[in-house]
Amino acid sequence: MSPSSFPPLIFFLLTVFFFSTFADHHHKTRSRFRPPHFSSSPSQNATSPTRYFEVKKPPVPSSPQTQPPPCSHQFLHHDFAYTYTKPPVLANYTLPSHCSPSSSSSPHFSKIILEFRSTCKGRQFDRIFGVWLDGVELLRSCTAEPTRNGIVWSVEKDVSKYHSLLVDNNNKTRTLAVYLGNIVDQTYTGIYHVDVIFHYYPPIGDYDYISPRAADMIVPISRNLPLNDGLWFEISSLGDSKSKEFKIPRNVYRAVLEVYVSFHENDEFWYGNLPNDFITANNLSTSGGNGPFREVVVTLDGRVAGAIWPFPVVFTGGINPLLWRPVTAIGSFDLPSYDIELTPLLGSLLDGEEHEFGFSVTNALNVWFVDANLHLWLDREKEVVEGEVFEVSRSGLEISTVSDFEGLNGEFKTEAKRVVSLSGLVKSSHGDVVTTSHQEFRYVNKMVLGKDGGLQIIDQLIEAEDRVKSKRGSRKIYAAKSVRRFPFYLYSDSLEQQNSTSLEVANVTMGFNEERSESGDGMMRTFKSKLENKQEGQGVMVVKNNLVVNGYGGTQQVYNYVGSDQCYLRNISSFNYDILYDKVETVCKKTTLKMPEHLTRLETLTSFLR
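What you see is a predicted model, and the numbers here were worked out from it, not measured in a lab. (Residues numbered from 1 in each chain as written. Predicted model: local features only at pLDDT ≥ 70, side-chain atom pairs only at ≥ 80, totals over all residues. Heavy atoms only, no water.)

On the secondary structure map, T143 appears in the loop between β6 (136–142) and β7 (151–158). Reaching out from T143, the side chain makes a polar contact with the side chain of Y192 at a distance of 3.1 Å. Those residues within four positions of T143 in sequence are excluded, and the remaining contacts are F125, D126, R127, F129, W153, L180, Y192, T316 and F333. (Helix = DSSP H or I, 4+ residues; strand = E, 2+ residues; numbered from the N terminus. Polar contact = N/O pair within 3.5 Å; in protein donor to acceptor, adjacent residues only side chain to side chain. Contact = heavy atoms within 4.5 Å.)

Right, here's the structure in full:
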């Protein structure tokens, strides 16, 4: 088969929008599940702007009897027209004087909420964007795709963990940066009108007794301004890596690296990328190869310090855009960040010298955006803290792929696992504390191709467990555990019709499930939470002459969060811009706060990793 002979669905998804080569980063090259644009907005009868939203628990629980209203301040307003390859929009940030907390009661706010608010009208792609404060990333997000009648959306994120940066006792002026690379021309007319607002909630007694203590200092691990792009590092291939030197104070007693990750262009739909042996055997000319497994690897001074196996976020223009109107995909408006506990490695960092973080992506294609924030807790009673690294155990990545195909039809199974364990001592005013951290990952992806490539089925599961324990002698003083499970299923089919028309069918099911526990202050304070977030979508696009002329999308979602801070259940269903059903419950049953027994050990994961 010649390079120009593609399976029908692969050909459709890769070539139908070749003329969009000059769009934003994740649209320079059309990806496998990136559909063509709509000739109109199917089945939208509204004349007023439509409000889009991602289903999440509110950042501040609805408790009007106990929660005073916030002090709010708008720091930035900008119209993002042709901003692609131009510098980020900058604004000065200082804590507004009318919002300063009373020093006599508490130097802290109970909550600080970042709100990103936007409107747009016309035709436009979804665009990735980020918000940084002095190089520390606060938010990674995706815009919604507008319609001719206009859309409205907002993202509200709890940024209280950046308190030391947002509330400066010296009232230092910081730089707020927003990069949203947009293109406006005769075809793409949508301009994003953006407001960035911070909401400061005053202390309310013991409200925040369950909240983990925020870091005393945050070091940005990102690119430095000036730039004509975002502050993230760009990783464009499996051999590519980016690094940043840094230095920390000598009185640090705890360190956590928070990593932001997003994937675009040829790797936007990495979970559906085909194995290279299949591409080679069929002589295909496709940019979506290297198989369906990806991981972000973080190194410290050249040695693996941790890994991230990311949740497969679907952006608002992905697969079938009608699925995400008005309820967007999980994580699309507020992409998750991922923490790596580095306290066991402090013994190698407390020398007052420069050190280096490195980032790479296993099997990467162009392009991944990665940066990080280093959260540091400082010892106020000692100028120099000492430490020692006891043990670093890295199993290395174990990955296997089994391919069984004939021509353009076949079955593929990819499995992977990794373990990273760290142990170290820190001698501070808190005593001689030994901290151990442990990461375990398991991955399986089963893929089916049929109908000479016109049919593709993806069934993927990512499991990850993070455990941290700190002891002073025989006494446990801190413990944290996070268990994440990301199931993802996609069925896509292309049905040829008459008159150069086809039906593009896409059914998707995804879940973001996490159980967390954290105990600190000598195990006297405990935070527990459990999230089950499942989304199912079914959609069809009618495509004629490489344009979507009609279609539908229906989405159902159940978001159930039970935590020490609040309980929130939302059951919602939508179809072509309309909300069919929406039920919200906020009543918390105390019995549900007990962590399930299986959290003590992931039996299936552990047995796999033995």
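What the rule picks out here adds up to two disulfides. Once the disulfide-bonded cysteines of the protein are ranked by sequence position, their pairing pattern turns out to be 1-2, 3-4. (Disulfide = S-S within 2.5 Å.)

Here we take up the sheet that holds strand β3 (residues 89–93). Across the sheet, four strands lie side by side as β3-β8-β5-β6; this open sheet has antiparallel pairing. One side of each edge strand has no neighbouring strand; the edge strands of this open sheet are β3 and β6. Neighbour-to-neighbour, the strand axes of this sheet turn through a mean angle of 15°, independent of strand direction. Pairing analysis gives six bridges linking strand β5 (residues 128–133) to β6, with the strands arranged antiparallel. Paired with W132 across the two strands is E137, which belongs to β6. (Pairing = 2+ DSSP bridges. Axes fitted to C-alpha atoms, helices over the stretch in contact; angles between N-to-C directions.)

On the basis of which strands lie adjacent, the open sheet formed by five strands has the order β1-β7-β4-β9-β2 and mixed pairing. Two strands close off the open sheet at either side, each with one partner strand: β1 (50–52) and β2 (71–80). Across the sheet, the mean angle from the axis of one strand to that of its neighbour is 20°, orientation sign disregarded. In terms of strand pairing, strand β4 (residues 111–120) meets β7 through eight bridges, oriented antiparallel. Within β7, the position partnered with E115 by the bridge is E156.

What follows concerns the environment of E406. With respect to the secondary-structure elements, E406 resides in strand β20 (residues 398–406). Its relative accessible area of 69% is what places E406 among the exposed residues. (Buried < 20%, exposed > 50% of the residue type's maximum accessible area, 1.4 Å probe, protein only.)

Before going further, it helps to examine the pairing of strand β8 (residues 174–180). One face of the sheet, then the other: side chains in a regular strand alternate in exactly this way. Summarising burial for β8: six of the seven residues are buried, a large majority. Pairing of β3 with β8, which is carried by five bridges, proceeds in the antiparallel orientation. Residue pairing in the sheet places Y93 in a bridge with R174 of β8. Sheet analysis places β5 next to β8, joined by five bridges and oriented antiparallel. Looking across to β8, one finds that V131 is bridged to V178.

On to the packing of aromatic side chains. Each pair of aromatic rings is reported with the distance of its centres and the angle of its planes. Per the counting criterion, the structure on display carries 33 aromatic pairs. Aromatic pair Y93 and F198: ring centres 5.4 Å apart, planes at 65°, arrangement edge-to-face. Of this pair, Y93 sits in strand β3 while F198 sits in strand β9 (residues 192–201), and the two are 105 residues apart along the sequence. Seen from their ring centres, Y179 and W232 are 6.1 Å apart, and the 90° between their planes marks the pair as edge-to-face. With a gap of 53 residues between them, Y179 in strand β8 and W232 in the loop between β10 (217–221) and β11 (233–235) connect regions that are remote in the sequence. Both residues of the pair, Y179 and W232, count as buried. By the ring-pair criterion, three or more aromatic residues cluster together here, those being F263, F269, W270, Y271, F315, W368 and F488. Across from the ring centre of Y561, 4.8 Å away, lies the NZ or CZ of K57, which sits over that ring. The ring centre of W377 lies 4.5 Å from the NZ or CZ of R254, which sits over that ring. (Phe/Tyr/Trp six-rings, centres within 6.5 Å; stacked < 30°, edge-to-face > 60°. Lys NZ or Arg CZ within 6 Å of the ring centre and 35° of its normal.)

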